[in-house]
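# A look at the structure
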Amino acid sequence: MSNKQVELLAAYWTLAGDVYPGAPTEVSPYSLEERAAAAAEVGYTGMGLVHADLMANRDRLGWAGVRRVLADHGIRHIDVEFLGDWFLDAADPRRQASDQMRRELFEAAAELGARNFKVSPELFAEQAPDIAHLRDEFALLCEQARPVGTHVIMEMMPFTNVNTIDTAMAIIAGADQPNGGILLDIWHVARGGMSYDEIAKIPARFLKGVELDDADPQVVGTLFEDTRFSRRLCGEGCFNVPAFIDAVLAAGFDAPYYGVEIISKPFRLQPLDVMARSSYESAMRQFAHRSA
């Protein structure tokens, strides 16, 4: 694979600036216009957008305005995120809030032609997951997303109750939806103690999203703190990013882009143009370093 064949999507946090997952506000201090321009300048052809920022830009620009900004900068790949609590009982207030977010994210996905709709398992769960329940709720999500034209991709994470490929596939393959799949972020695979060889367990039709980043040899703080505050640019940590790319390609990954998700306190305090260029160029170098 030559670099000319590779397209990259800047996941939301990569270009969001001085905000982070779970911050008092998740709305970027940079305008959508500024972020799209910075992304396009360095070569990104996709952007990820989180719920709070999507709603802020819908209210400011309208969906037509958002589409125009993205189109004007050649941003043709969109991910929307990040839905949690979709599996809770319908009477739970958290589920009711999640259902409202679900409707708004579906609206955004439809308006922007999003390829992927990212969802989270239960954070910090101490009990083993109810596979049958999650399977059925995931199937419902996929059925609801189908008219929108988006894939529902669940992100396996080591600090959730879906923390292995086997568990994720029991849910996703059990639901067996044509638009349902898994999102593999190298951080969650490596920090979850999994070998890249395990990626071969995933049928190609369910491998719908891949994200690249890096990390220090040792976890900084808790896993949740490490993932939100201490990620590294690709090639600047201990992960073997080229080997991970080889593994997902061997498993049949053929989506039109890879995501780049850098979430780091030092990184997010840099100028926007620096974040865009360093994240893009460091990720692209990993493809040049592949063995295959």
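Presented here is an overview of the structure given in this document.

Calculation notes
- Residues numbered from 1 in each chain as written.
- Predicted model: local features only at pLDDT ≥ 70, side-chain atom pairs only at ≥ 80, totals over all residues.
- Heavy atoms only, no water.
- Helix = DSSP H or I, 4+ residues; strand = E, 2+ residues; numbered from the N terminus.
- Rg over C-alpha atoms; globule rule 2.2 N^0.38 Å.
- Contact = heavy atoms within 4.5 Å.
- Areas by Shrake-Rupley, 256 points an atom, 1.4 Å probe, with all protein chains shown as cover.
- Lys, Arg positive; Asp, Glu negative; His and termini not counted.
- Charge placed at Lys NZ, Arg CZ, Asp CG, Glu CD.
- Core = buried A, V, L, I, M, F, W, Y, C linked by side-chain atoms within 4.5 Å.
- Buried < 20%, exposed > 50% of the residue type's maximum accessible area, 1.4 Å probe, protein only.
- Pairing = 2+ DSSP bridges.
- Axes fitted to C-alpha atoms, helices over the stretch in contact; angles between N-to-C directions.
- Phe/Tyr/Trp six-rings, centres within 6.5 Å; stacked < 30°, edge-to-face > 60°.
- Expected span 1.5 Å × (residues − 1).
- Salt bridge = Lys/Arg side-chain N within 4 Å of Asp/Glu carboxyl O.
- Disulfide = S-S within 2.5 Å.

### Observations regarding the overall build of the protein
The helix and strand inventory of the protein stands at 11 helices and eight strands. Taking 19 Å as the expected radius of gyration for a compact globule of 292 residues, we find that the protein reaches 18 Å, a close match to that expectation. Each of the three principal axes of the protein carries a C-alpha extent, and together these read 45 × 45 × 35 Å. Contacts in the protein between residues far apart in sequence, at least 24 positions, make up 79% of those at least 6 positions apart. Just so you have it, the protein exposes about 11700 Å², and 50% of that area is on carbon and sulfur atoms. Averaging the locations of the 27 positively and 42 negatively charged side chains of the protein gives two centres separated by 3 Å.

### So, the nonpolar core
Within soluble globular proteins, side chains that are nonpolar tend to cluster in buried spots. Leu 8, Phe 138, Leu 184, Ile 199, Phe 244 and Tyr 258 are the most contacted members of the largest nonpolar core, which has 87 residues in total. Ranked by the residues each element gives to this core, the list is headed by helix 11 (residues 272–288), at seven residues.

### What about the sheet that holds strand 2 (residues 46–50)?
Strand order in the closed barrel formed by eight strands is 1-2-3-4-5-6-7-8, with parallel pairing between adjacent strands. Neighbour-to-neighbour, the strand axes of this sheet turn through a mean angle of 30 degrees, independent of strand direction. The pairing of strand 4 (residues 116–119) with strand 5 (residues 151–155) spans four bridges and is classified as parallel. Bridge pairing in strand 5 links Val 119 to Met 154.

### Observations concerning the side chain of Lys 118
You can see Lys 118 is positioned in strand 4. Classification of Lys 118 as buried rests on a relative accessible area of 1%. Apart from residues no more than four positions distant in its own chain, Lys 118 is found in contact with Asp 79, Val 80, Glu 81, Phe 82, Leu 83, Ile 153, Glu 155, Leu 183, Glu 211 and Glu 261.

### A word on the packing of aromatic side chains
Tallying each qualifying case throughout the model produces 13 aromatic pairs. Seen in terms of ring centroids, Phe 106 and Phe 117 are 4.9 Å apart; in terms of plane orientation they differ by 35 degrees. Their pairing is tilted. Remark: Phe 117 occurs in strand 4 and Phe 106 occurs in helix 4 (residues 93–112); sequence separation between them is 11 residues. As far as the burial class goes, Phe 106 and Phe 117 line up, both buried. Taken together through their ring pairs, the aromatic side chains of Phe 124, Phe 159, Trp 187 and Phe 224 make up a single cluster.

### Some details on helix 5 (residues 131–145)
The first and last C-alpha atoms of helix 5 sit 21 Å apart over 15 residues, in line with the 21 Å expected at 1.5 Å per residue. Where helix 5 is concerned, the buried positions are Leu 134, Glu 137, Phe 138, Ala 139, Leu 141, Cys 142 and Ala 145. Those residues of helix 5 that are buried are in contact with strand 3 (77–83), helix 4, strand 4, strand 5, helix 6 (165–175) and strand 6 (180–185).

### Observations concerning the pattern of salt bridges
Scanning the model with the defined rule gives 25 salt bridges in all. With a closest N to O distance of 3.2 Å, Lys 201 and Asp 166 form a salt bridge. On the criterion of sequence distance, the pair formed by Lys 201 in the loop between helix 7 (186–191) and strand 7 (207–212) and Asp 166 in helix 6 is long-range, its members being 35 residues apart. Here Lys 201 and Glu 198 are joined by a salt bridge, their closest N and O atoms 3.3 Å apart. Take Lys 201: its relative accessible area is 42%, and that puts it in the partly exposed class. Classification of Glu 198 by relative accessible area gives partly exposed; the value is 22%. One continuous salt-bridge network, built from bridges that share partners, spans Glu 81, Lys 118, Asp 185, Glu 211, Asp 213, Arg 231 and Glu 261.

### Quick look at the environment of Trp 86
By the element assignment, Trp 86 lies in the loop between strand 3 and helix 4. When the C-alpha positions of Trp 86 and Pro 121 are compared, they lie 8.5 Å apart, and in sequence the two are 35 residues distant. Trp 86 has contacts with Arg 95, Ser 98, Arg 102, Val 119, Ser 120, Leu 134, Glu 137, Phe 138, Leu 141 and Met 154, leaving out every residue within four places of it along the chain.

### Here's the deal with the state of the cysteines
A full pass over the atoms with the stated rule returns zero disulfides. Take Cys 238: it sits in no disulfide, and the sulfur closest to it among the cysteines is that of Cys 234, at 12 Å.

### Observations regarding the pairing of strand 7
For strand 7, a buried count of six out of six residues is recorded, marking the element as mostly surrounded by other parts of the structure. Pairing geometry for strand 6 and strand 7, over four bridges, is parallel. Bridge pairing in strand 7 places Ile 182 opposite Leu 207. Across two bridges, the pairing between strand 7 and strand 8 (residues 258–260) is parallel.

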